[in-house]
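One letter stands for each residue in the lines below.
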Amino acid sequence: MPHQLDDKPRLRSCEPRPLKQSRDGMEVALRDVMGIAPGMIALSGTAYAIAAHFDGRNTLRDIQTAIARDNQGLRVDAKVLCNLADELDRAGFLEGPAFEALRAKVLAEFRANPIREAVCAGGSYPDDPAELRRFLDRFFTHPQGPGDGGKAGAGKPVRALVAPHIDLHRGGPCYAHAYRALREGCDADLFVVFGTAHATPRRLFTLTRKSYDTPLGAVQTDQNVVDALAAELGEDELFGDELVHRQEHSCEFQILWLKHLFGERKITAVPVLCSSIDHLSKPSERVSKFVKALQKAVKGRKVCFIAGADLAHIGVMYGDPRGATPAELAGFKQDDLGTVKHYCGADAHKFAIDARRNGDQRRLCGTAPMFVTKLAVGEEAPGELLDYGQWTDGTDSVSYCAVRIG
């Protein structure tokens, strides 16, 4: 049904991507972070500025008045406002019946398949098994890598691990540092993998019963552990946002490395996507119920906890007016290393506070999986920084690390 001036449209969570500068301002493409709305929708600078007002609290009439007030009497025609809302609604970018119908269709299709497909295969990494093994092995011998893949039993014990979730082409050597330590110091047969849910779903932890596929074969999801958690915490609480698993890469990359390293060993995994905890003043109070249920579910098992987590996100893509200078990147590195030092200590709460230092200027997107990993293994467990890296193209920058917890 076409929008009217008394409607209150709400824009869904979207990732804006600048396209090009025009007379009408910066053209922007919106991408659905949940991957439910297909493709992207391009908006003119004016349309994007109007859509930013679609917060579900104001009517289109209110928005028309606000734009006139804030722009020296500029009047946006009612038809333009309604047509923009209609266009976004049809494309699946507004909350409402049209989106819910699309979401239900996509969810039904997702749940009909017992396997979570390897959505990044053929892009972020090769989909040919032999080529993929060579691709991953080269990160060990990369100039910034650890030298070789290591041997089982040759290193310090690993009870938990922090590895990046940045694209493998950018952060591959850091992954190699993390997974060499895992190969050398871990005999677990159950891996609980905490990843960042970049779509920031409403529920804090999201599970799936699907096994994650890789070009090297699937890694089975441990149904006993998942069922125990669901019995303790509730189906809706753990599966209400299950669609975030559909396109999220942060667990996928870790499970790919596990299959590569331990393909001959019988292993299972529990992929858990974590929403943001940055708004919580005392995050341990919110996550402790899940952690206690998890510890109960894995009791008596040989288990290792893995956080797929990146650190700082700086630059135009992330909301900054410009990219960071080399001197600023050096400063951010020192800030990151200070945060990781807190993480390697015995107080996870200090880590969570430090991650938000300076008004969350660095935008750490791995705080939640790192935090819950530390609580799951025990705050007193000491951590060791194995590697740190910064990727930048001069405009945007992402940092990441590898940490062993013994």
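Let me sum up the structure you'll find in this document. All figures in this text were calculated on a predicted structure; none of them were measured in a lab. All residue numbers here refer to positions counted from 1 along the written sequence of the relevant chain. Where local features are concerned, this predicted model is filtered to residues with pLDDT of at least 70; where side-chain atom pairs are given and counted, the filter is 80 or more; whole-chain, interface and lining totals use all residues. Neither water nor hydrogens contribute to the side-chain values; these are computed over all heavy atoms in the structure.

## Some remarks on the overall build of the protein
(1) Moving on: Note on conventions: DSSP H or I runs of at least 4 residues are helices, E runs of at least 2 residues are strands, and numbering of each starts at the N terminus. Scanning the protein from terminus to terminus reveals 14 helices and 14 strands.
(2) Moving on: Here the C-alpha atoms of the protein give a radius of gyration of 22 Å, agreeing with the 22 Å that 2.2 N^0.38 yields for 406 residues.
(3) Moving on: Taking the principal axes of its C-alpha atoms as reference, the protein extends roughly 70 × 50 × 45 Å.
(4) Moving on: Residue contacts are defined here by distance: any two heavy atoms, one from each residue, within 4.5 Å place the two residues in contact. For the protein, contacts bridging at least 24 residues in sequence account for 76% of all contacts bridging at least 6. Atoms considered for the radius of gyration are the C-alpha atoms alone. The globule rule reads 2.2 Å times the number of residues to the power 0.38.

## Thoughts on helix 14 (residues 367–377)
(1) Moving on: When you tally the buried positions in helix 14, you get eleven out of eleven residues, the bulk of the element.
(2) Moving on: If you check which residues of helix 14 are buried, you get Thr-367, Ala-368, Pro-369, Met-370, Phe-371, Val-372, Thr-373, Lys-374, Leu-375, Ala-376 and Val-377.
(3) Moving on: Phi turns positive, to about 115 degrees, at Gly-378, one or two residues after helix 14. Buried, partly exposed and exposed residues are distinguished by accessible area as a fraction of the type maximum, computed with a 1.4 Å probe on protein chains only: under 20%, between the cut-offs, and over 50%, respectively.

## So, the packing of aromatic side chains
(1) Moving on: Only centres within 6.5 Å qualify two rings of Phe, Tyr or Trp (six-membered ring in Trp) as a pair; their planes then separate them into stacked at under 30 degrees, edge-to-face at over 60, and tilted for everything else. In this structure the tally under the stated criterion is ten aromatic pairs.
(2) Moving on: Arranged with centres 6.4 Å apart and planes meeting at 75 degrees, the rings of Tyr-175 and Phe-253 form a pair that is edge-to-face. Taken as a pair, Tyr-175 in helix 6 (residues 168–185) and Phe-253 in helix 9 (residues 250–262) lie far apart in primary sequence, 78 residues in all. Across the pair, Phe-253 and Tyr-175 agree in class, each one buried.
(3) Moving on: Where Tyr-343 meets Phe-351, the ring centres are 4.8 Å apart and the plane angle is 65 degrees; that geometry is what we call edge-to-face. Comparing Tyr-343 with Phe-351, the two get one shared label, buried.
(4) Moving on: By way of ring pairs, the aromatic residues Tyr-125, Phe-140, Tyr-175, Tyr-179, Phe-253 and Trp-257 are connected into one cluster.

## Let's talk about the sheet that holds strand 1 (residues 14–22)
(1) Moving on: The three strands are arranged 1-2-3 in an open sheet whose pairing can be described as antiparallel. Because the sheet does not close on itself, it has two edges, and the strands there are strand 1 and strand 3 (40–43). Across the sheet, the mean angle separating the axes of adjacent strands is 20 degrees when strand polarity is ignored.
(2) Moving on: Here four bridges tie strand 2 (residues 25–32) to strand 3, and the two strands are oriented antiparallel to one another. Within strand 3, the residue paired with Arg-31 across the bridge is Met-40. For two strands to pair, DSSP has to find at least two bridges joining them. Structural elements are reduced to axes, namely lines fitted to C-alpha atoms, with helices fitted over the stretch in contact, and the angle between N-to-C directions of any two is expressed from 0 to 180 degrees.

## Remarks on the side chain of Asp-32
(1) Moving on: As for its position among the elements, Asp-32 is in strand 2.
(2) Moving on: The buried category is assigned to Asp-32, whose relative accessible area is 1%.
(3) Moving on: Pairs of N or O atoms are called polar contacts if they sit within 3.5 Å, as long as, within protein, a hydrogen donor faces a hydrogen acceptor (for residues adjacent in sequence, only side-chain-to-side-chain pairs). One polar contact links Asp-32 to Arg-12, side chain to side chain, over a distance of 3.0 Å.
(4) Moving on: Residue contacts for Asp-32: discarding those within four places in its chain leaves Arg-12, Ser-13, Ala-37 and Phe-93.

## A word on the layout of surface pockets
Empty space among the atoms becomes visible once a probe the size of a water molecule is rolled across them.
(1) Moving on: The volume enclosed by the largest pocket comes to roughly 1500 Å³.
(2) Moving on: Taken together, 47 residues form the lining of the largest pocket, with Glu-15, Arg-31, His-198, His-313 and Tyr-318 sitting closest to its centre.
(3) Moving on: At the level of elements, strand 1, strand 10 (268–274), strand 12 (310–315), helix 14 and strand 14 (396–405) are the ones that each hand at least two residues to the lining of the largest pocket.
(4) Moving on: Counting residues per element, the lining of the largest pocket draws most heavily on strand 1, at four residues.
(5) Moving on: Looking at the lining of the largest pocket, its residues break down into 22 nonpolar, 13 polar and twelve charged.
(6) Moving on: By volume, the second largest pocket is sized at about 320 Å³.
(7) Moving on: Partitioned by chemical class, the residues of the lining of the second largest pocket number six nonpolar, three polar and eight charged. Grid spacing is 1 Å over the protein atoms alone, the probe is 1.4 Å, and a cavity is where that probe fits but cannot get out, while a pocket is an open set with protein on both sides within 12 Å along at least five of seven lines and lining residues have an atom within 4 Å of a point. Grid points are joined across faces, edges and corners, and a volume is the space filled by probe spheres set on the points. Any residue that is not Ala, Val, Leu, Ile, Met, Phe, Trp, Tyr, Cys, Pro, Asp, Glu, Lys or Arg is counted as polar, Gly included; the first ten are nonpolar and the last four charged.

## Some remarks on the nonpolar core
(1) Moving on: The biggest cluster of nonpolar side chains holds 55 residues, and the ones touching the most others in it are Tyr-179, Leu-182 and Phe-191.
(2) Moving on: Excluding anything up to four places from it in sequence, Leu-182 contacts Val-158, Leu-161, Phe-191, Leu-258, Phe-262, Cys-304 and Ile-306. By nonpolar core we mean a set of buried residues, namely Ala, Val, Leu, Ile, Met, Phe, Trp, Tyr and Cys, connected to one another through side-chain atoms within 4.5 Å.

## Thoughts on the environment of Arg-17
(1) Moving on: Tracing the sequence through the fold places Arg-17 in strand 1.
(2) Moving on: In the structure, Arg-17 is positioned 40 residues away from Arg-57 in sequence and 25 Å away in space, judged by C-alpha atoms.

## Considerations on helix 7 (residues 223–233)
(1) Moving on: What helix 7 keeps buried is the set Val-225, Val-226, Leu-229, Ala-230 and Leu-233. The arc that holds every buried residue of helix 7, seen down its axis, measures 135 degrees, which confines them to one face. What points out from helix 7, more than 90 degrees from its buried face, is the exposed set Asn-224 and Ala-231.
(2) Moving on: Where helix 7 is buried, its residues meet strand 6 (190–196), strand 9 (220–221), helix 8 (235–239), strand 10 and helix 10 (283–297).
(3) Moving on: The opening residue of helix 7 is Asp-222, an N-cap whose side-chain oxygen sits 3.3 Å from the backbone nitrogen of Asn-224.
(4) Moving on: Backbone geometry just downstream of helix 7 places Gly-234 in the positive-phi region, at approximately 105 degrees. The arc under discussion is defined with respect to the helix axis, by the directions toward the C-beta atoms.

## What about unusual backbone geometry?
Only a minority of non-glycine residues have a phi that is not negative, and only a minority of peptide bonds are not trans.
(1) Moving on: For Thr-200, which is not glycine, the phi torsion reads 50 degrees and is therefore positive.
(2) Moving on: Relative to the assigned elements, Thr-200 resides in the loop between strand 6 and strand 7 (205–206).
(3) Moving on: Assessed through its relative accessible area of 47%, Thr-200 is described here as partly exposed.
(4) Moving on: Even without glycine at this site, Arg-363 takes up a positive phi of about 55 degrees.
(5) Moving on: You can see Arg-363 is positioned in the loop between helix 13 (357–360) and helix 14.

## Describing the state of the cysteines
(1) Moving on: The rule for a disulfide is simple: a pair of cysteine sulfur atoms within 2.5 Å. For the structure shown, the criterion picks out zero disulfides.
(2) Moving on: Of the cysteine sulfurs around Cys-251, a residue in no disulfide, the closest is that of Cys-274, at 7.5 Å.
(3) Moving on: Its relative accessible area of 0% is what places Cys-251 among the buried residues.
(4) Moving on: Free cysteine Cys-344: the closest other cysteine sulfur is in Cys-401, separated by 7.8 Å.
(5) Moving on: Residue Cys-344 is classed as buried on the basis of its relative accessible area of 16%.

Read these as layout, nothing more, since geometry by itself doesn't imply function.
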